[in-house]
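Listed here are the chains, written in short residue letters.
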Amino acid sequence: MRDFLDSTALMGDGPALAARLRRDGYLFLRGLLPGAAVLEVRRRLLEKAAAGGWLDRAHPVEAGIADPAAACKDPEERYMTVFRGIWADEALHRLRTHPAVLALFGRMFGEPALAHPMFVQRNIFPQSESFDFTTGAHQDKVHIGGATSHALWVPLGDCPREKGALAVAAGSHHAGVLETRVGGGAGGMDISVPIPGEWVSGAFEAGDALIFSDTTVHRALPNRSPEIRLSFDARYQPASQPVAETNMRPYSGCGTWEEVYAGWSSDDQQYYWKALSPVVVPLDRSHYERRDRMAFAMAESGDATARDALLRIAQRDPDEAKRRRAEGLLRGLGA
Ligand SMILES: O=C(O)CCC(=O)C(=O)O
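What you are looking at is a predicted structure, and each value in this text was computed from that prediction instead of being measured.

Visitor: Before we go on, may I ask you to explain the nonpolar core in this structure?
Guide: Generally speaking, nonpolar side chains in soluble globular proteins are found buried as a group. Among the nonpolar cores identified, the biggest contains 68 residues, and Y26, L152, A209, L210 and I211 are the most heavily contacted of them. A209 has contacts with L29, L32, L33, L152, W153 and V154, leaving out every residue within four places of it along the chain.

What follows is the structure, given as structure tokens:
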């Protein structure tokens, strides 16, 4: 797999960045965020991971070495118990609204950028024979909805390929929204057709960032290191365009904004989006409905690969009857 094309030299030129993003579907930028700020967030999150029992006590917390016996994943309850405190971290939230990030998207959009209030923070335990949560090839559009948005993927600390760096299929965004099947990794909706474009990836240092469009196919490389791979991915769009309501809430399972902000030491960046008066629209749920029908059919025929999708339905679907059905099928699969 070839290295990302480095677009750092274009960082100050919004129209040139936008043109390259339109052409390739991604931008790799070194040092978009100050490395020290990223490492400080890493330190804060690792303290919480250690307190939650995720780390190997034989190593310093800063090394981030996982305790394999603690391996867990979103949305399992033992993951969420620790994750809620991690996701609420105020320094983490401020990283995705860092002035350098908002200014970059503003330059590209030619208008103020809205950072979606909802964003994802990921803690990917090392891959092993008994554990794998490697993100499969997917597009974000089906999850994010609304107007065209762009993702910012930032590893919290250095992230060589073998620690599970992200890879994108350059040029794949030109093909529009592709067919999906039930997948095991994040989101549970993987591409089911041949993927257009060329896969590229690279080694990230603290502060480096990857931007990609909501129809750019991307996936993670497996985490073959002994460390937990910490990262966040947030989404941005021109503030004048509609945003799906699901992006206005805290991350699923993390409570209300009041609960998230309750432990903050300052109100800096709380409810920052209100000043932009975003136009909020419903999420087009048809992609989830299709995935869920497939997951139910798979589970009914005893296919345990539907488990992660069923867990998401059981914990997150707004329809109670679907949540119950997913719970029943999970019991049937022995989960
Ligand atoms: O970090 C990962 O493993 C997946 C990230 C991703 O899918 C995204 O940023 O949209």
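Visitor: Just to check I follow, could you spell out the domain arrangement of the protein chain for this structure?
Guide: It is common to give the size of an interface as the accessible area lost on bringing the parts into contact. Split by domain assignment, the protein chain resolves into domain 1 (2–282) and domain 2 (285–335). On the side of domain 2, 13 residues touch domain 1, which itself brings 10 residues to the contact. With three residues, the single largest contributor to the side of domain 1 that touches domain 2 is strand β7 (residues 180–182).

Visitor: Can you walk me through the pairing of strand β10 (residues 209–213) in this structure?
Guide: The element β10 is largely enclosed, with a buried count of five among its five residues. Along β10, one buried face is formed by A209, I211 and S213 and the opposite face, lined by L210 and F212, is buried too. Two elements, strand β2 (residues 26–29) and β10, share four bridges in a ladder whose sense is antiparallel. Among the inter-strand pairings, F28 is bridged to a residue of β10, identified as L210. Sheet topology places strand β5 (residues 150–155) next to β10; four bridges connect them, and they run antiparallel. When the sheet's bridge partners are listed, L152 is paired in β10 with I211.

Visitor: In this structure, what is going on with the site of the ligand? I would like to understand it.
Guide: The ligand sits among R122, I124, T135, D140, A151, W153, L166, A186, H218, A220, S231 and D233. Those elements giving two or more residues to the shell around the ligand turn out to be β4 (120–124), β5, β11 (218–220) and β12 (229–238). Looking at side-chain class alone, the shell around the ligand contains six nonpolar, three polar and three charged residues.

Visitor: Honestly, the pairing of β12 in this entry has me stumped. Any pointers?
Guide: Regular strands place side chains that alternate from one sheet face to the opposite one. By the criterion of burial, β12 is predominantly enclosed, with nine of the 10 residues buried. Judged from the five bridges that link them, β4 and β12 form a sheet pairing that is antiparallel. Counted as the bridge partner of Q121 is F232 from β12. Across six bridges, the pairing between β5 and β12 is antiparallel. If you follow P155 over to β12, its bridge partner there is S231.

Visitor: Any chance you could explain the sheet that holds strand β9 (residues 198–201) here in plain terms?
Guide: Each strand in a sheet pairs with its neighbour through backbone hydrogen bonds, running either in the same direction (parallel) or in the opposite one (antiparallel). Reading across from one edge, β1-β9-β6-β11 is the order of the four strands in this open sheet, with mixed pairing throughout. With partners counted over all chains shown, the strands left at the sheet margins are β1 (2–3) and β11, one partner each. Bridging between β1 and β9 involves two bridges; their strand directions are parallel. Paired with R2 across the strands is V200, a residue of β9.

Visitor: Looking at this model, I keep getting lost on unusual backbone geometry. Mind explaining?
Guide: Glycine aside, residues mostly have negative phi angles, and peptide bonds mostly take the trans form. For the bond running from D74 to P75, omega is 5°, close enough to zero to count as cis. Positive phi values are uncommon outside glycine, yet Q269 reaches one of about 80°. By the C-beta count within 10 Å, which is 16 here, Q269 ends up partly exposed. We note that S277 has phi near 40°; this positive angle belongs to a residue other than glycine. Mapped onto the elements of the fold, S277 is located in the loop between α7 (257–261) and β14 (280–281). Among the residues examined, S277 registers 10 C-beta atoms within 10 Å and is labelled exposed.

Visitor: Which parts of the structure should I look at to understand helix α3 (residues 77–87)?
Guide: Side chains three or four residues apart in an α-helix point the same way, a direct result of the helix having 3.6 residues per turn. For α3, the set of buried residues is Y79, F83, I86 and W87. For α3, the angular spread of the buried residues around the axis is 80°, confining them to a single face. Residues of α3 that are buried in the fold lie against α2 (35–51) and β4.

Visitor: Whenever I open this one, the environment of V41 confuses me. Can you help?
Guide: Position of V41 relative to the elements: it lies in helix α2. Look at V41 and you get buried, because 24 C-beta atoms sit within 10 Å. For the pair V41 and L156, spaced 115 residues apart in the sequence, the C-alpha separation amounts to 7.2 Å. Ignoring sequence-local partners within four residues, the contact set of V41 consists of A91, L92, L95 and L156.

Visitor: Just checking my understanding: could you explain the packing of helix α8 (residues 286–300) against helix α10 (residues 320–332) for this structure?
Guide: Any two packed helices are characterised by how steeply their axes cross, that is the angle between the axes, and by the distance between the axes. With their axes 10 Å apart at the nearest point, α8 and α10 run at an angle of 30° to one another. In terms of orientation, α8 and α10 fall into the roughly parallel class. With respect to the hand of their crossing, α8 and α10 are arranged in left-handed fashion. The residues of α10 that touch α8, namely those facing D292, F296, A299 and E300, are K322, R325, L329 and G332.

Visitor: Looking at this structure, I do not really get the environment of L102. What am I missing?
Guide: In this fold, L102 is placed in helix α5 (residues 99–109). Sequence-wise, L102 and G328 are 226 residues apart; in three dimensions their C-alpha atoms are separated by 44 Å. Excluding residues that lie within four positions of it along the chain, L102 makes contacts with T97, A113 and A115.

The rules behind the values
The numbering scheme is per chain: residues are counted from 1 as the chain's sequence reads. Thresholds applied to this predicted model are a pLDDT of at least 70 for local features of residues and 80 or more for the giving and counting of side-chain atom pairs; totals over whole chains, interfaces and linings are not thresholded and use all residues. Buried Ala, Val, Leu, Ile, Met, Phe, Trp, Tyr and Cys residues whose C-beta atoms connect them within 7 Å together make up a nonpolar core. To sort residues by burial, count the other C-beta atoms lying within 10 Å of each one's C-beta; a count of 20 or more means buried, 12 or fewer means exposed, and anything in between means partly exposed. C-beta atoms are built from the backbone. Any two residues are considered in contact once their C-beta atoms, placed from the backbone, lie within 7 Å. Throughout, the edges of the domains are those of an automatic or database domain assignment. In this text, helices come from DSSP runs of H or I with a minimum length of four residues, and strands from runs of E with a minimum of two, each type numbered from the N-terminal end. DSSP calls a pair of strands paired once it identifies at least 2 bridges connecting them. Here, nearness means that the C-beta atom of a residue, built from backbone geometry, sits within 6 Å of the molecule or strand in question. Classes in brief: Ala, Val, Leu, Ile, Met, Phe, Trp, Tyr, Cys and Pro nonpolar; Asp, Glu, Lys and Arg charged; the others, Gly included, polar. Working note: the arc is built from the helix axis to C-beta atom directions. Angles here are taken between N-to-C directions and fall from 0 to 180 degrees, while the axes themselves are lines fitted to C-alpha atoms, restricted in helices to the stretch in contact. Our angle categories are set so that under 35 degrees counts as roughly parallel, over 145 as roughly antiparallel, 65 to 115 as roughly perpendicular, and the remainder as oblique. Here a crossing is taken to be left-handed if its near helix is turned anticlockwise relative to the far helix by less than a right angle, and right-handed if that turn runs clockwise.

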